[in-house]
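# Architecture at a glance
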Amino acid sequence: IMKDILSSLTIVARDHEDTPAPEKYCVLHKGENGNPDKLQVEYSLEKQVRKQQVLDEKKVIKHFQEVDPIIYSLFQNVPEVKMKKTDDFFESLCESIVSQQLSIKAADTIYGRIKELLPGKLVTPHAISKLQTEDARIAGMSYSKISYIKDLAQKLLNKEVQLENLEKLDDESVIQELVKVKGIGKWTAEMFLMFALGREDIFSVGDLGLRNAIKKH
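For clarity, every value in this text was computed on a predicted model and none was experimentally measured.

What counts and what doesn't
- Residues numbered from 1 in each chain as written.
- Predicted model: local features only at pLDDT ≥ 70, side-chain atom pairs only at ≥ 80, totals over all residues.
- Heavy atoms only, no water.
- Helix = DSSP H or I, 4+ residues; strand = E, 2+ residues; numbered from the N terminus.
- Buried < 20%, exposed > 50% of the residue type's maximum accessible area, 1.4 Å probe, protein only.
- Patch = residues over 30% accessible without salt bridge, like charges linked within 9 Å, V, L, I, M, F, W, Y side chains within 5 Å.
- Areas by Shrake-Rupley, 256 points an atom, 1.4 Å probe, with all protein chains shown as cover.
- Salt bridge = Lys/Arg side-chain N within 4 Å of Asp/Glu carboxyl O.
- Phe/Tyr/Trp six-rings, centres within 6.5 Å; stacked < 30°, edge-to-face > 60°.
- Core = buried A, V, L, I, M, F, W, Y, C linked by side-chain atoms within 4.5 Å.
- Contact = heavy atoms within 4.5 Å.
- pLDDT = per-residue confidence, 0-100.
- Axes fitted to C-alpha atoms, helices over the stretch in contact; angles between N-to-C directions.
- Parallel < 35°, antiparallel > 145°, perpendicular 65-115°, else oblique.
- Left-handed = near helix turned anticlockwise from the far one by under 90°.
- Nonpolar A, V, L, I, M, F, W, Y, C, P; charged D, E, K, R; others polar.

Once that is clear, we can look at unusual backbone geometry. One non-glycine residue, glutamine 101, lies in positive phi territory at about 60°. Within the secondary structure, glutamine 101 is located in the loop between α4 (89-99) and α5 (104-116). Using a relative accessible area of 76% as the deciding quantity, one classes glutamine 101 as exposed. Within the chain, lysine 121 stands out as a residue other than glycine whose phi angle is a positive 60°.

Written out as structure tokens, the structure reads:
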């Protein structure tokens, strides 16, 4: 059993090259008589990974200090941004589709109207599949975007698309899976990576707000 546990930890640790080997932070507790009949494993992998993330963040800040003083200044003036993950991958994709090529304010307004049309304001595949096209159009969505979210909903209901496994994939694999769905391009997939999966190392070069901000500064 112990061998299996340590083997599993080693596999996890390999995903973080600088994370100490699991043997270094596993503590084996012996039973009351000093015999190893009641072994437990305590490990703080999450703590070790977070420590490595802090080190990585310092490297990132140092990099921008050397090559881009404008972005570096943001680290000095903007509070730390905490990336939040969501378990509702379907709603996250619907919101991203609605937001395509729109300002944040416009996207939020339209998405809010769409939720008002749904039972309990809950964005589910079943509710979207029953959403009346003309009602969604009046709410501000284009016909193409309406077809996209309804197509996604139907694919989930028919189990043609499996979203629950995306979290296990690397960034590029997630993008390749999502762009198979009608109406989901690279930008939408990148928004999903950031705002649904909490992936931090994403730079969406096609993002309209990001491009405008770069032009401005």
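This part takes up a nonpolar patch on the surface. Together, Phe203, Val205 and Ile214 make up a nonpolar patch on the protein surface, roughly 320 Å² of accessible area in all. Within the element layout of this structure, phenylalanine 203 appears in the loop between α10 (186-195) and α11 (208-216). On the basis of relative accessible area, phenylalanine 203 is assigned to the exposed category, the value being 53%.

Here the structure, examined in full by the defined rule, presents 2 aromatic pairs. Centre to centre, the rings of phenylalanine 89 and phenylalanine 192 are 5.2 Å apart; their planes meet at 75°, and the pair counts as edge-to-face. Note that phenylalanine 89 is positioned in helix α4 and phenylalanine 192 in helix α10, a separation of 103 residues in sequence. Classification of phenylalanine 192 by relative accessible area gives buried; the value is 0%.

Before going further, it helps to spend a moment on the nonpolar core. In this structure, Phe90, Ile128, Leu163, Leu178 and Phe192 are the most contacted members of the largest nonpolar core, which totals 38 residues. Going through the elements one at a time, α4, α5, α6 (125-130), α8 (143-157), α9 (171-178) and α10 are the ones with two or more residues in this core. Here this core takes 6 residues from α4, the largest share from any one element. For leucine 178, the residues in contact, after removing those within four places along its chain, are Leu93, Leu163, Leu166, Ile184, Ala189 and Phe192.

The next thing to look at is the confidence of the model for the protein chain. Mean pLDDT over the protein chain: 78, with 74% of residues reaching 70 or higher. Per-element confidence in the protein chain ranges from a low mean pLDDT of 39 for helix α1 (residues 2-14) to a high of 97 for helix α7 (residues 133-138). Counted against residues more than four places away or in other chains, residues 1-31, with its pLDDT under 50, gives 47 contacts.

Moving on to the pattern of salt bridges. With the rule as written, the count across this model stands at 6 salt bridges. Taking the shortest distance from any N to any O, the salt bridge between glutamate 66 and lysine 62 comes out at 2.6 Å. Residue glutamate 66 and its partner lysine 62 are both found in helix α2 (residues 45-67); the two are separated by 4 residues, about one turn of the helix. Judged by its relative accessible area of 48%, lysine 62 falls in the partly exposed class. The partner of aspartate 151 in a salt bridge is lysine 155, with the nearest N and O atoms 2.9 Å apart. Of this pair, aspartate 151 and lysine 155 both sit in helix α8, 4 residues apart, which is roughly one turn of that helix.

Any two packed helices are characterised by how steeply their axes cross, that is the angle between the axes, and by the distance between the axes. The interhelical angle for the contact between α9 and α10, taken along N-to-C directions, is 130°, at an axis separation of 9 Å. When the interaxial angle is binned, α9 and α10 end up oblique. Classified by chirality, the crossing of α10 by α9 is right-handed. Residue-level inspection shows Asp171, Val174, Ile175 and Leu178 of α9 in contact with α10, the latter providing Lys186, Ala189, Glu190, Phe192 and Leu193. Its residues placed into classes, the contact of α9 with α10 shows 6 nonpolar, no polar and 3 charged.

Turning our eyes to something else, we now look at the packing of α4 against α10. Between α4 and α10, the least distance of the axes is 9 Å, while the angle of their chain directions is 135°. Of the possible angle classes, the one that applies to α4 and α10 is oblique. Of the two possible hands of crossing, α4 and α10 adopt the one that is right-handed. Residues Phe89, Ser92, Leu93, Ser96, Ile97 and Ser99 of α4 lie in contact with α10, whose contacting residues are Trp187, Thr188, Met191 and Phe192. For the contact of α4 with α10, a count of residues per class yields 6 nonpolar, 4 polar and no charged.

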